[in-house]
Structure formats: structure tokens, C-alpha cells
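# Overview (structure and organization)
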Amino acid sequence: MEGSIIFLLSLLLFFTLAKGLTNPKCGSSFPQADKGSTLQVLHVNSPCSPLRNNAPQSWVDTVLQMQSKDQARLDLFASLVAGRSFVPIASGRQVIQSPTYIVRAKIGTPPQTLLVAVDNSNDVAWFPCSGCVGCSSTVFASDKSTTFKNVSCGAAQCSQVPNPTCGGSSCGFNLTYGGSSIAANLSQDTLTLATDAVPSYTFGCVQKATGSSAPPQGLLGLGRGPLSFLSQTQSHYQSTFSYCLPSYKSPNFSGTLRLGPNGQPKRIKTTQLLRNPRRSSFYYVNLVGVKVGRRIVDIPPSALAFNPSTGAGTIIDSGTVFTRLVEPAYTAVRNEFRRRMGRNTTVTSLGGFDTCYTVPITIPTITLMFAGMNVTLPQDNFLIRSSSSSTTCLAMAASPADPVNSVLNVIANWQQQNHRFLFDVPNSKLGVARETCS
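Since this is a predicted model, take the numbers as computed values, not measurements. (Residues numbered from 1 in each chain as written. Predicted model: local features only at pLDDT ≥ 70, side-chain atom pairs only at ≥ 80, totals over all residues. Heavy atoms only, no water.)

### Regarding the sheet that holds strand E25 (residues 392–394)
Within a sheet, each strand pairs with its neighbour through backbone hydrogen bonds, oriented either parallel or antiparallel. Definition in use: Strand pairing is assigned whenever DSSP identifies at least 2 bridges connecting the two strands. The helix count covers DSSP runs of H or I at least four residues long, the strand count covers runs of E at least two residues long, and both are numbered beginning at the N terminus. Orientation is described by axes fitted as lines to C-alpha atoms, over the contacting stretch for helices, and by angles from 0 to 180 degrees between their N-to-C directions.
Strand order in the open sheet formed by 4 strands is E20-E21-E25-E24, with antiparallel pairing between adjacent strands. Whereas interior strands pair on both sides, the edge strands pair on one side only; in this sheet they are strand E20 (348–350) and strand E24 (383–385). For this sheet the average axis-to-axis angle between neighbouring strands, irrespective of direction, equals 40°. Two elements, E24 and E25, share 3 bridges in a ladder whose sense is antiparallel. Opposite Ile384, over in E25, you have Cys393 as the bridge partner.

Structure representation (C-alpha cells):
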């Protein structure tokens, strides 16, 4: 009898730990307090994420789901680069696709905590508010904040949101986020990140949401546009931030988002940040080549060239999962990868990945060559491995064949993981340094 009780207690403890309820690295809140101007970062699908979808899912299904989300995000890029206000499939609303990393933000007075997604290719912030129809159970109770106020239709910010509307005297806007539609009032309140409070921060107070694609507790935009976090806090953080993104398999909140110039690495390789006036939110850089192993791949220069009029070039994006290279560049990299693996190895495909193997990968590194800076990626940054089989795929793909994305290279978060990416906007510099944060 005693043995049975011990067994049952052990079994209960196992399932409790598996759900992250007693593991000190897991739980509904971050394991350690944010300090100074540094916030803890977690992948939304990591084992301990409070926002993780816990439905059983195979490795193949997980990969295919990530690829599907990437495609929706690229649809957004197509609309932005083409100079259109909206994506054709969502008439009258802007389309944005869910990013994959979350931080802790506090809204209002007294402060209320939300776990919000961060996205460096998006500007306007928005949070679900009390009374919201279709939102998650965790919302910002705007009626309990003594510093909350709505933004009037005549305010300059009202012209800077997507699809603005005016009901009465307050400004509102609508957008579509993946498969979700959102209606929000443009509002202001105190936003606190780590220990820094930003008064009268402008954001969308979501009143209605449909679908399940949007981050359930809101989004913070780290782009370069007028309503982005960088623009609204320019006097405090000098339009400077860095992040180290942990692996999606990392069990704890080990990544960091560091705001402002203080505490940033002093000795770091840099390349120039380029500005596209028509697409002011994006962080463009000059990618000049790619190495597979030690060999520089023969890529036509036109495939990597920056062209503001067409949107062509290379961007650094925290929300796309897998790097996309324009077709001539990707084909050259893929072919060199296959050549290095040997002609006698069998190549298979998985969803959008067309270079998969069931034998050990012999290529140690891939190097992204930027103007003035090389970033050498270890295998964890360019391979995706099955945990249940021996399949391994090259974690890159060709850009979609539509007229806009076909000229856009996207350096995505899989390739950025376990590196410190420093965005120094005043000096037009992007810095990159290897840093283990998983």
C-alpha cells in the first residue's frame, strides 16, 4: 500500500513538473525580476512559456506551423514594400503576423502586468483592454488606471495608425493580425519596462478581437516608425536597444532585451543600418555574400543589392522564424550545401524545406557576410533537427515568388538565436556578437 502511495505521489509530481507549475524556471511569471533597463525574454513556444499552446504536436506539425506563420508574415512585408496600405486578402485592414518572443510590460497606474510580444518590424503597440469582446482573460483594466486617457481625433498620432476611424471625439483604428481582426481605441497611459516608466505612452486599447492569431496579451513595436517604442522614448533610450534571443527549446526566460546605450557591448562587430524612406519601420542592412563552410557562394550581386524604390535588399526581423533568401541567392547557397554533403547522400524535403537529410551534417558553419562584418553561424543556427527521428533540414528557404518578396532577403530569428543584436539607430549601426542565452 505504501509503495502504491509513493508511486502515485511520484507520478503526480512528474506531471506537475511537466506542466511547469513547480519548476522554479517555469510558471505564469518570469523567474527573476527585470532590472534597470534590461528585460527578460522568452520564446512564446518554449517549454515554460505561460502563453505556450500545450496541445500535443509532432515535430513535423511544429515545423509546418512555423512555416505557415512565416508565410503570413511575408504577406505583410509584400504589402509594405509595395507601398500599399493593406494586404489584398484583408480588404480595409492592415495584416501583421505574430512574432515569437515575449517580455513583461506594466501598464497604467497602479501598474498592471502583461506578457507582450516584441516585434522589430512593427511600430504601434496595442494591448487588450477591459470590456474587450473576444480577447483573452488577461486584459488591461483601463478603468482602474488613474493615468489612462483616450487620444482625440485631432491629435497627430491619429493619422499615424493604420486605418484610423473617429467615433465621437476619440480616435480608433482596425487591423488584421494573421487570422485575427482587431478594433482598438488609440489611448495613452504610463508604460513601465523593467524599472523605467514612460508616461503618456500612445498605444491601441483593444476593444474587439476575432480569431486566435494575435498575441493574447498584446504587442510592443520596436520598429523605426513614428509610433514605435524607439520614437516615443527617444529622449530616454536614444533610439538604441539590443536583444539576445534564446532558442525556442530553452526552458527558461534566459534571453534579454536591453534598452538604451548603457550596458551595451563596447567591442562588437558592426555594419551600417540602411534606411528605406518608403518602409521606415524596417532595419535594412547590406548583405554582400554567404559562405558555406569556408567557400564563398557565387551569388549574383543584384540578388543582394539594396534598392529603396523596389524594397529590395536585406532586413533583420525578429518575427520571421526562418531566413528567406531571394531565389538566386538561396539556390546558390542550397546547391553549395548539397555539394558539400556529397552526391551520394539522399536529399529529402519537409514542407518548405527542400534540403533535408537522415545522415549527420558535415558542414560546420554558414557565414553571413555583411559590409564590414561577418557573422559565422554554428549548426544550431542553420539546421533544424528532429527530436524524434534522424531528420535534419537546412533551416532556410527561398523568398516567395510574388513581385515584392522575390527581391527581399529576411534574416530571421532562427539565425539570430544566441547572438546579441545591437540596434544603434542614431549612429546607423547594427552590431552582432555571439552570446549564449539559451
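Still to come is the rest of the account.
### Some thoughts on the pattern of salt bridges
Our working definition: We define a salt bridge as a contact between a side-chain nitrogen of Lys or Arg and a carboxyl oxygen of Asp or Glu at a distance within 4 Å. For each residue, the accessible area found with a 1.4 Å probe, counting protein chains only, is set against the maximum for its type, and the residue is called buried under 20%, exposed over 50%, and partly exposed in between.
Applying the stated criterion across every chain, the model contains 4 salt bridges. For Asp354, the salt bridge goes to Arg334, with nearest N and O atoms at 3.1 Å. Separated by 20 residues along the polypeptide, Asp354 in strand E21 (residues 353–357) and Arg334 in helix H5 (residues 327–341) bring together distant segments of the chain. Here Arg334 falls in the buried class, since its relative accessible area comes to 18%. Across the pair Arg385 and Asp380 runs a salt bridge whose closest N-O atoms are separated by 3.0 Å. With relative accessibility at 32%, the residue Arg385 sits in the partly exposed group. On the accessibility criterion, Asp380 (53% relative accessible area) is exposed.

### Re the side chain of Asp119
Residue position: Asp119 is located in strand E4 (residues 112–119). Look at Asp119 and you get buried, because its relative accessible area is 1%.

### Focus on the nonpolar core
The following threshold applies: For this analysis, a nonpolar core means a set of buried residues of the types Ala, Val, Leu, Ile, Met, Phe, Trp, Tyr and Cys, connected via side-chain atoms within 4.5 Å. An automatic or database domain assignment supplies the residue ranges for each domain. Contact between two residues is taken to exist if any of their heavy atoms lie within 4.5 Å; hydrogens are not considered.
Core analysis: the largest hydrophobic core is formed by 68 residues, its most contacted members being Leu220, Phe229, Leu257 and Phe337. If you tally residues by element for this core, the top one is H5, at 6 residues. Summarising the domain contributions, this core has at least three residues from each of domain 1 (38–52 + 60–77 + 91–245) and domain 2 (265–434). In this structure Leu220 touches Val116, Ala117, Val118, Asp119, Ala125, Leu191, Leu193, Tyr201 and Phe229, once residues within four positions along its chain are discounted. Among the nonpolar cores identified, the runner-up in size contains 18 residues, and Phe173, Ile182, Val206 and Leu219 belong to it.

### Some points on the state of the cysteines
As a reminder, the rule being used: For the purposes of this analysis, a disulfide is any pair of cysteine sulfur atoms at a distance within 2.5 Å.
Taken as a whole and judged by the stated rule, the model has 6 disulfides. Here Cys132 engages in a disulfide with Cys135; their sulfurs sit 1.9 Å apart. When the S-S torsion is 55°, as for the bridge of Cys132 with Cys135, the disulfide is right-handed. When its relative accessible area of 23% is taken as the criterion, Cys135 is described as partly exposed. Covalent S-S linkage joins Cys158 and Cys171, the inter-sulfur distance amounting to 2.1 Å. An S-S torsion of about 85° defines the bridge between Cys158 and Cys171 as right-handed. Placement of Cys158 in the loop between strand E6 (149–150) and strand E7 (164–167) and of Cys171 in strand E8 (residues 170–177) is noted, with a sequence separation of 13 residues between them.

### Quick notes on the sheet that holds strand E16 (residues 287–292)
Strand order in the open sheet made by the 4 strands is E17-E16-E22-E23, with antiparallel pairing throughout. For this open sheet the edge positions go to strand E17 (295–296) and strand E23 (373–377), each flanked by a neighbour on one side alone. Along the sheet, H5 makes contact with E16, E17 and strand E22 (366–370), crossing E16 at roughly 15°.

### Examining the confidence of the model for the protein
We count it as follows: The quantity known as pLDDT measures the predictor's confidence residue by residue, on a range of 0 to 100.
Mean pLDDT over the protein works out to 83, with 77% of the residues at or above the 70 mark. Contacts for the low-pLDDT stretch residues 1–24, under 50 throughout, to residues beyond four places or in other chains number 7 contacts. Within the model, the stretch residues 81–97 combines pLDDT values under 50 with 56 contacts to residues more than four positions away or in other chains.

### A few points about unusual backbone geometry
One can expect most non-glycine residues to show negative phi and most peptide bonds to be in trans. Of the consecutive residues Thr109 and Pro110, the connecting peptide bond is found in the cis state with omega at -5°. As for its placement among the helices and strands, Pro110 is situated in the loop between strand E3 (101–107) and E4. One non-glycine residue, Ser200, lies in the positive phi region at around 55°. Even without a glycine there, the phi angle at Gln238 is positive, about 55°. Position of Gln238 relative to the elements: it lies in the loop between helix H4 (234–237) and strand E12 (240–244).

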